[in-house]
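Chains, contacts and geometry: an overview
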Amino acid sequence: MKFIHTADTHLGFELIKTAPPDEAGRKRRAQSVFDNFVAAVEHTLAVEADLFIHSGDLFNKYYIVREKLDALISPFDALSKAGVPAVIIPGNHERSEFPFDLFHGLRGIYVLDRPKSLLLSLNGYSVGIAGFPFIKDHVKSSFLNALNATEYAGQRSDFNILVTHQTFDEALVGPVGFRFKAGRPDTVSRDTVPLDFEYIAAGHIHRYQVLPHPLKPGLSFVYPGSVQRMSFAEMDEEKGFVEGEVINGRIETRFIPLPAWEMKIVEIEAAGRSPREVENTIRDQFRRFNQGLVIRFNLVGGVAACDYPEIDFCRMRAEMPRVLECQFAIRAKTRWIHR
Ligand SMILES: [Mn+2]
């Protein structure tokens, strides 16, 4: 029995409320995000996996129009046609729900849009799967309530998988390695999770990691991470998804890497300097540019926009060599103004 586990695909990455200054760049990134999701699905078919799991944040925003959602879920067609069951839960980016009929008509796509459990027969094994949408508030009590509401406990199966989109204690994020501690209002303590599972398919944390259950060696909380570097906080992280397989009666996992774009931040002391000087400092970076680069220029040194020289960022973008996306941000005290 083999399965593919992915999460945090953030499809529709280009659709945000305020138009990004580098709109074409954002669209190129969105295409690359979608391509990585497709790559995970294609891998599922190529290795003839028996199950596909998506543990939340399929989409980047909850307000994407229906027509676009229909297009974004097209890779599930291939799974459905190949007879590979897929289990999906809504994450926080979907505000814990999908349009109720989004996956209607797709055979074998199981959306756990409320606490549910199901029993699948996969390559000779009975596999119990329990899951529920992302829980925002009172996670400490709500998590166990939701888990009980799945009624997974009544099932008897060879392997049990929990699908969840939450932060568990000791989860690691960010460039300086921040760890979520038990007791935070948004964090579930791993030691409170029942031991009835063989695999916990987690989502929400964008860095790939495997956290052990403190009370059951061999049971892990697995975050496959996002399929692409969604923000600069992830700029050094390897990206991919997880393949799990039953070997000698237990689930073994491995990480399958996906191509990730390069991300770079350049800080420029710009307040009080002439436009020409700052533009030339930006131009000095052009030799490092390539088509796979997401670059951000942080202009710093001032406390308000008026402290900075007037730069025609449109013209700068027009003259620069092609990058995936170029962002300019001006620091005004603690705020960033995007240009
Ligand atoms: Mn996410």
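Note that the structure is a prediction, hence the values are computed from the model and not measured. (Residues numbered from 1 in each chain as written. Predicted model: local features only at pLDDT ≥ 70, side-chain atom pairs only at ≥ 80, totals over all residues. Heavy atoms only, no water.)

This next bit is on the overall build of the protein. When its secondary structure is counted, the protein shows six helices and 20 strands. In terms of overall dimensions, the protein is globule-like: its C-alpha atoms have a radius of gyration of 22 Å, near the 20 Å expected for 339 residues. Taken along the three principal axes of its C-alpha coordinates, the protein extends 70 × 45 × 35 Å. Once local pairs closer than 6 in sequence are excluded, the contacts in the protein between residues at least 24 apart make up 67%. When the accessible surface of the protein is split by element, carbon and sulfur atoms take 50% of a total near 15,500 Å². (Helix = DSSP H or I, 4+ residues; strand = E, 2+ residues; numbered from the N terminus. Rg over C-alpha atoms; globule rule 2.2 N^0.38 Å. Contact = heavy atoms within 4.5 Å. Areas by Shrake-Rupley, 256 points an atom, 1.4 Å probe, with all protein chains shown as cover.)

Moving on, we come to the coordination of the manganese ion. Between any two of four tetrahedral donors, the ideal angle at the metal is 109.5 degrees; between two of six octahedral donors, it is 90 or 180 degrees. Protein ligation of the manganese ion involves Asp 8 (OD), His 10 (NE2), Asp 57 (OD) and His 206 (NE2), the donor distances falling in the range 2.1 to 2.3 Å. Going along the chain, you hit the donors of the manganese ion in the pattern D-x1-H-x46-D-x148-H. (Donors = N, O, S within 2.8 Å, 3.2 Å for Na, K, Ca; no water.)

Moving on, we come to the pairing of strand S14 (residues 216–223). The pairing of strand S12 (residues 199–203) with S14 spans two bridges and is classified as parallel. Note on S14: the bridge partner recorded for Ala 201 is Val 222. Bridge count between strand S13 (residues 209–213) and S14: five bridges; the pairing is antiparallel. Note on S14: the bridge partner recorded for Leu 211 is Phe 221. As consecutive antiparallel partners, S13 and S14 are separated by two residues. (Pairing = 2+ DSSP bridges.)

Further remarks concern the domain arrangement of the protein. Domain boundaries in the protein define domain 1 (2–257) and domain 2 (262–338). In this structure, domain 1 and domain 2 have C-alpha centres spaced 36 Å apart. Each partner contributes to the interface: domain 1 provides 10 residues, whereas domain 2 provides 15 residues. The largest share of the area that domain 1 buries against domain 2 comes from Arg 28, Arg 29 and Phe 232, three residues that together contribute 52% of it. Scanning the region where domain 1 abuts domain 2 turns up one salt bridge. The salt bridge involving Arg 29 is made with Glu 325; its shortest N-O contact spans 2.4 Å. Remark: the boundary between domain 1 and domain 2 carries four residue pairs in polar contact (both at pLDDT 80 or more). For the side of domain 1 that touches domain 2, the class distribution of residues is three nonpolar, two polar and five charged. (Domains from an automatic or database assignment. Buried area = accessible area lost by both parts, 1.4 Å probe. Salt bridge = Lys/Arg side-chain N within 4 Å of Asp/Glu carboxyl O. Polar contact = N/O pair within 3.5 Å; in protein donor to acceptor, adjacent residues only side chain to side chain. Nonpolar A, V, L, I, M, F, W, Y, C, P; charged D, E, K, R; others polar.)

Attention now moves to the sheet that holds S14. In spatial order, the strands read S5-S6-S7-S12-S14-S13; together these six strands make up an open sheet with mixed pairing. On the outer flanks of this sheet lie strand S5 (116–122) and S13, each paired with one strand and no other. With direction set aside, neighbouring strand axes in the sheet form an average angle of 25 degrees. Both strand S6 (residues 125–131) and strand S7 (residues 159–165) contribute to a ladder of five bridges, which runs parallel. Paired with Gly 128 across the bridge in S7 is Asn 160. (Axes fitted to C-alpha atoms, helices over the stretch in contact; angles between N-to-C directions.)

On the secondary structure map, Gln 327 appears in strand S19 (residues 325–332). On the accessibility criterion, Gln 327 (16% relative accessible area) is buried. Within polar-contact distance, the side chain of Gln 327 engages the side chain of Glu 325 at 3.1 Å. Ignoring sequence-local partners within four residues, the contact set of Gln 327 consists of Arg 29, Phe 232, Ile 295, Arg 296, Phe 297 and Arg 317. (Buried < 20%, exposed > 50% of the residue type's maximum accessible area, 1.4 Å probe, protein only.)

Despite not being glycine, Glu 48 shows a phi value in the positive range, around 55 degrees. Considering the arrangement of structural elements, one finds Glu 48 in the loop between helix H1 (23–46) and strand S2 (51–54). Of the residues examined, Glu 48 reaches a relative accessible area of 66% and is grouped as exposed. For Ser 96, which is not a glycine, the phi torsion comes out positive at approximately 65 degrees. Considering the arrangement of structural elements, one finds Ser 96 in the loop between strand S3 (86–88) and strand S4 (109–111).

Right, let's get into the packing of aromatic side chains. This structure, assessed with the given rule, holds 20 aromatic pairs. Aromatic side chains Tyr 125 and Phe 159 sit 5.4 Å apart centroid to centroid with 70 degrees between the ring planes, which places their arrangement in the edge-to-face category. Linking Tyr 125 in strand S6 with Phe 159 in strand S7, this pair joins segments that are 34 residues apart in sequence. Assessed through its relative accessible area of 5%, Phe 159 is described here as buried. An angle of 80 degrees between the planes, with centres 5.4 Å apart, marks the rings of Phe 132 and Phe 143 as edge-to-face. Linking Phe 132 in the loop between S6 and helix H4 (139–149) with Phe 143 in helix H4, this pair joins segments that are 11 residues apart in sequence. Of the two residues, Phe 132 and Phe 143, neither departs from the other in class, the shared state being buried. A network of ring pairs unites the aromatic residues Phe 37, Phe 52, Phe 59, Phe 76, Phe 98 and Phe 103 as a single cluster. Sitting over the face of the ring of Phe 13, Arg 26 holds its NZ or CZ atom 3.9 Å from the ring centroid. One residue, Arg 95, lies across the ring of Tyr 62, its end atom 3.8 Å from the ring centre. (Phe/Tyr/Trp six-rings, centres within 6.5 Å; stacked < 30°, edge-to-face > 60°. Lys NZ or Arg CZ within 6 Å of the ring centre and 35° of its normal.)

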